Every structure is written in structure tokens, then in C-alpha cells.
Amino acid sequence: MFYGYVHVSVWCCNTSVQLPKVWNPCNILIYLSFYSSDDGANVQEVLSEITNQRTVPNIFVNKVHMGGCDRTFQAHQSGLLQKLLQEDSAYDYDLIVIGGGSGGLACAQEAAILGKKVMVLDFVVPSPQGTSWGLGGTCVNVGCVPKKLMHQAALLGQALSDARKFGWEYHQQVKHNWETMTEAIQNHIGSLNWGYRLSLREKAVAYVNAYGEFVEHHKIKATNRKGQETYYTAAKFVLATGERPRYLGIRGDKEYCITSDDLFSLPYCPGKTLVVGASYVALECAGFLAGIGLDVTVMVRSILLRGFDQEMAEKVGSYMEQHGVKFLRKFIPVLVSLDAIGRDSCTRKIGLEKIGVRINERSGKIPVNDMEQTNVPYVYAVGDILEGKLELTPVAIQAGKLLARRLFAGRLEKCDYVNIPTTVFTPLEYGCCGLSEERAIEVHKKENLEVYHTLFWPLEWTVAGRDNNTCYAKIICNKSDNYRVIGFHVLGPNAGEITQGFAAAMKCGLTKQLLDDTVGIHPTCGEVFTTLEITKSSGLDITQKGC
């Protein structure tokens, strides 16, 4: 298909381009024309899929895509080109990353910045409904980003209602248009996909849209969407394959239900919806669907927000119920509309058994040491597939970057999985950092803890006549360690923004006294943490009568 290796002079657009003399023609592949043979169109399509470039010349050096003339000369000026040509490795790449999500991309790009030859393999197997997406992984395409934007759409609906109380007069009927929302969100996601591809290209990371599967030690098979297979070798591998939604295993589940993989790009409004599951994904989806005016029911098998503080979880559910979301408790479904019962790790069909990488047979999770290394020394893993680690995008990014620095820059810093903040973007947001009350009691014993808490009423809610004594703040302190804050929990508007700041303080050893010594910003929701006085053990009333 490609027309051989060329000499060091290339003609392009009637301009003679003299390539640097350090180039060895045996290592350089330059495709000059798409019209030199009958299959030129097919060649162009394959090249476009691999490189996202449809113009010529299209230059590869040691299997790394350079781009056109300008980018190749830029690589020469930066020294990257010379490095690629001088390499004489037993493997095609220093590092191959399997999975183009947040953690995988962070690791790949950091390794490339450190001068390593890197490839990213990423392929989205379409959902049973046929949904697939571009580079960037779950968070960008079918997770954090579209979820937060749809949550914002729901908040804007509430803001319209509040606006009348603040003097805004409008008489026309206001309604929500699902198609307008999804089109705008998908356009934004498309721009992010393009940005990731461009970033890889600028760092000379080879990106291949193909499904990776180990065939032997240090060797992987990449199968593209047309079934074409290519083999690559690498000194080291990073697994960053992420997770996909789990199906119920009942008759018709894949035919008659959708998951979060499908919802954010659904071309029509889902209408009346039954959400099966009570994870944070389930409650977030139920929340914004109800917020844009849909009839929503959540079917709960056992508890809400498993793994989170259960007092906070029940408050989240109570608020949703008061605002129109119906809950069916202790039910098991037979037929579903939106399936959100959990996620499975994408580790079972990538050939790990052929090289001896151990996985948890029940969950598919991969056990690693504190260096993200599997039991096979040259194979590492980051992100949601790790056993016992939080499934959060920023965690994967941090772990991926630090892993690359340890592997290729001699650094020692490890990812700190303690006191990781997160937020559940339900209609009333829930932010937390550190231990749940249940876990704190389990670890430190109840007699060693003091829990400070209060209800509060955001000022913005007062004029609007919204719920008083619904928002809630709680900290859990370890009395035997100078009342250090080991659990932080807030239920209220902008909970994520509040939690992010206090998470940094917790990293620095935040104590109750430090909170007391901090001057609050008035009037804000976050200031309640600087004035906490009532303990749970006192049994005193925590209802508030003012902002």
C-alpha cells in the first residue's frame, strides 16, 4: 500500500524540501500521493484514521507519525527527530498504553514529554444500542463532562423558577428541548476529542484507533474497526482500559434498556424513565432528568450511594423525593428503561491471561502494588480498573502522570489515594473528602470521634422561598489526634467548589481549631464550616432560622 522508502529530497507543492542529513532513508516513510494507484482512496482513509491528516506529505519516522513538512522540521529543531532516528531498541516502543481515557492519556503524554517513544491504543466497543465515541474515555464522552452539563441544564430550570421572586417577569411558556441540549453538549465533546488527538500529535505520541490484546510477552495485537490486525511490541505497558456499564442479566436487558453509555447522546428525549440502581451515576441521571421535567422513578435494590456516608446518602434521596423523583425500595427489575446498576472493568478480553497478569475473577479489577505495578513486572495499570482504589478521573490523571515520571525520569513520588475529594452532582449536590461516619467508627472507634454538624439555609434560597433546613454540613474529628478532621461532608449548592478547597486543607492536616481560627466569607455556604459548634453527641437542635 505504501510506496516504498524515499530519498532525502521530497517534492511537495512544487517546492523542493531538503530534509536534514541525519535522516536515514531506511527509517523514514513518506507518503506523497493518494493517486498513485487504484487503492489510493483506501490508503487515504487508513492514513486519515491513524493520523487524522488527509494531506501529503505524510511522514513517519520509526513508526512514529511526524505529520507534514512543518511539523517534521519542528521535530528536527527540537531534537526529537534525531532521537527517533538514533534509537535501536529491541521493541517498537518504550511504552504502549492500552486505553485512551484520562489516566492513559496523562501517562502517555507525560512519558512522551520525557522523551520516550509512546503509543496509545484506544477502541470503543459499541454499546448494545450501537453507541460509541471518540478519544478521551468515559469522563469526557459519557461521564463527568456531559453529566455536569445536563446537571447544569436542570439547575437553570430551577433558576428560572427562582427568577420570578427576584423580579424577573416573563410571560411566555418555558419548555426544555432535549435535542438542542444534546447537540450542544455533543459539539463540545467533539471539540475535546479533537483536542486530545491534537495534543498526542504535538507530542509525537502514536495514536491507533484499534482494540489491543496481548498475544505474548511484550507483544500486542491491534485490531481496527475493519478487522485489520497489526502487531506491536513495547518494553513497558500501561493498562488504562476503564469500565463499562453492567447489564442486569435478565431477558431483554440489552434490547430494551439503555445505560449511561447511550443517554448523553440519545437523539430523542427519553420521556418517562425508570432508573435501575442507586449508585451516584443512577442518582445523578435521575436528578437531571427530573430537573428538566421528566417523570422519573428510581428502583433501589438495597441502599443509596453504597460506599458513601449513609446519613448524607439518605438526605440526598429525601431531597430528590421531595422534588418529584419517586423511589421503589427493595425491588428487583424485570424490564428497564435506564440501567445504572454498576460498571465492569474492561480487563477480561485483552489477553492478560496469555502473559500471566492476575485479575480479581469476580470484579475484573487488577491488584497492583503502591507503584501501580501488576504481578507482571513490565505491566502497570491506572484508573478505574485498579482494585481498591477510587474510580475518579482526577485520580487516574494524577496516577498516570506520576507513574510515567517514576518509569522514565527517576522520580519517586507515588499517587496518594488518601483524602480524595469527590462530589455527587445530584439536584442538591453532595461533596465529601476523607472518611464516611461509618468508616470512621470502624477505623477509629466511636469513643475517639467527635462529629460537628449543622443545617443551613443558603442566602440565595431565602428570597426564592426554597427549602429551609435542608442543606447540611458535617465534619468528623479524631479526638486522639488533636481533633484532626478525618471526614468532611456537605450537602448544598456548589458542593464541589466548597469541597475542593477544604480538601487541600485536609491534605495539610486540618484540625477543628484551625477551622475555628479561620475567618469565614460572608454570606457563603462554605463559611458554615468556620462556625460549627454543635456536636452530634450533645443532641442539641441544629435547625437554622437565618442565613
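Note: the structure precedes this text.
Below, the structure is looked at part by part. (Residues numbered from 1 in each chain as written. Predicted model: local features only at pLDDT ≥ 70, side-chain atom pairs only at ≥ 80, totals over all residues. Heavy atoms only, no water.)

1. A short note on unusual backbone geometry
Here's step 1: Note the cis peptide between valine 56 and proline 57, where omega equals 0°.
Here's step 2: Positive phi, normally seen in glycine, also occurs at glutamate 372, with a value near 60°.
Here's step 3: As for its placement among the helices and strands, glutamate 372 is situated in the loop between α12 (352-355) and β19 (379-381).
Here's step 4: Exposure remark for glutamate 372: the relative accessible area of 1% places this residue in the buried category. (Helix = DSSP H or I, 4+ residues; strand = E, 2+ residues; numbered from the N terminus. Buried < 20%, exposed > 50% of the residue type's maximum accessible area, 1.4 Å probe, protein only.)

2. Section: the packing of helix α4 (residues 102-113) against helix α13 (residues 393-409)
Here's step 1: Their axes nearest at 7 Å, the elements α4 and α13 cross at an angle of 30°. Taken together, α4 and α13 sit at an angle that is classed as roughly parallel. α13 is crossed by α4, and the crossing has right-handed handedness. Along its contact with α4, which presents Ser102, Gly103, Ala106, Cys107, Glu110 and Ala111, the element α13 presents Thr393, Ala396, Ile397, Gly400, Lys401, Leu403, Ala404, Arg405 and Phe408. (Axes fitted to C-alpha atoms, helices over the stretch in contact; angles between N-to-C directions. Parallel < 35°, antiparallel > 145°, perpendicular 65-115°, else oblique. Left-handed = near helix turned anticlockwise from the far one by under 90°. Contact = heavy atoms within 4.5 Å.)

3. Description of the environment of serine 538
Here's step 1: Here serine 538 shows up in the segment after α17 (512-517).
Here's step 2: Given the relative accessible area of 36%, serine 538 is considered partly exposed.
Here's step 3: Distance from serine 538 to tyrosine 452, taken between C-alpha atoms, is 9.7 Å for residues 86 residues apart in sequence.
Here's step 4: Engagement of the side chain of serine 538 in a polar contact is seen with the backbone oxygen of threonine 535, the distance being 2.7 Å. (Polar contact = N/O pair within 3.5 Å; in protein donor to acceptor, adjacent residues only side chain to side chain.)

4. What to know about the pairing of strand β21 (residues 430-434)
Here's step 1: Of all five residues making up β21, four are buried, and the element is well covered by its neighbours.
Here's step 2: As paired strands, strand β20 (residues 422-424) and β21 are joined by three bridges and run antiparallel to one another. Within β21, the position partnered with threonine 423 by the bridge is glycine 431.
Here's step 3: Here β20 folds back onto β21 in antiparallel fashion, the turn holding five residues.
Here's step 4: Of the strand pairs in this sheet, β21 and strand β24 (residues 484-491) are connected by five bridges, and their pairing is antiparallel. Residue cysteine 433 lies in a different strand from β24, and its bridge partner there is phenylalanine 488. (Pairing = 2+ DSSP bridges.)

5. Side note on the environment of glycine 101
Here's step 1: Among the structural elements, glycine 101 can be located in the loop between β6 (93-98) and α4.
Here's step 2: Separated by 139 residues in the primary sequence, glycine 101 and alanine 240 place their C-alpha atoms 7.1 Å from one another.
Here's step 3: Setting aside residues up to four positions removed in sequence, glycine 101 forms contacts with Gly136 and Gly137.

6. Observations concerning the packing of aromatic side chains
Here's step 1: Within this structure, the stated rule accounts for ten aromatic pairs.
Here's step 2: Relative to phenylalanine 237, the ring of phenylalanine 214 lies with its centre 4.8 Å away and its plane at 65°, an arrangement referred to as edge-to-face. One end of the pair, phenylalanine 214, is in strand β9 (residues 211-216); the other, phenylalanine 237, is in strand β11 (residues 229-239), and 23 residues separate them in sequence. Each of the two residues, phenylalanine 214 as well as phenylalanine 237, counts as buried.
Here's step 3: With a centroid separation of 6.0 Å and 40° between ring planes, the pair formed by phenylalanine 264 and phenylalanine 288 is classed as tilted. A residue pair is termed long-range when its members are at least 10 positions apart, and phenylalanine 264 in the loop between α9 (260-263) and β14 (273-276) and phenylalanine 288 in helix α10 (residues 280-291) qualify at 24 residues. An identical accessibility class is assigned to phenylalanine 264 and phenylalanine 288; each is buried.
Here's step 4: Clustering of aromatic rings is evident, with ring pairs tying together Phe214, Phe237 and Tyr378.
Here's step 5: When the ring centre of tyrosine 170 is taken as origin, the NZ or CZ atom of arginine 164, which lies over that ring, is 3.9 Å away. (Phe/Tyr/Trp six-rings, centres within 6.5 Å; stacked < 30°, edge-to-face > 60°. Lys NZ or Arg CZ within 6 Å of the ring centre and 35° of its normal.)

7. Thoughts on the nonpolar core
Here's step 1: Formed by 72 residues in total, the largest nonpolar core has its most connected members in Tyr430, Ile475, Phe488 and Phe529.
Here's step 2: Met119, Leu121, Phe214 and Tyr378 belong to the second-largest nonpolar core, a separate cluster that totals 28 residues. (Core = buried A, V, L, I, M, F, W, Y, C linked by side-chain atoms within 4.5 Å.)

8. What about the pattern of salt bridges?
Here's step 1: Under the defined criterion, the tally for this structure stands at 24 salt bridges.
Here's step 2: Between glutamate 284 and lysine 147 there is a salt bridge, with its nearest N and O atoms 2.9 Å apart. Here the residue glutamate 284 occupies a position in helix α10, and lysine 147 occupies one in helix α6 (residues 144-165), the gap between them amounting to 137 residues. The pair formed by glutamate 284 and lysine 147 is uniform in burial state, with each residue classed as buried.
Here's step 3: We note a salt bridge from aspartate 370 to lysine 414, for which the minimum N-O separation is 2.6 Å. Here aspartate 370 is found in the loop between α12 and β19, whereas its partner lysine 414 is found in the loop between α13 and β20, with 44 residues between them in sequence. (Salt bridge = Lys/Arg side-chain N within 4 Å of Asp/Glu carboxyl O.)

Any functional reading would require information that these geometric values do not contain.
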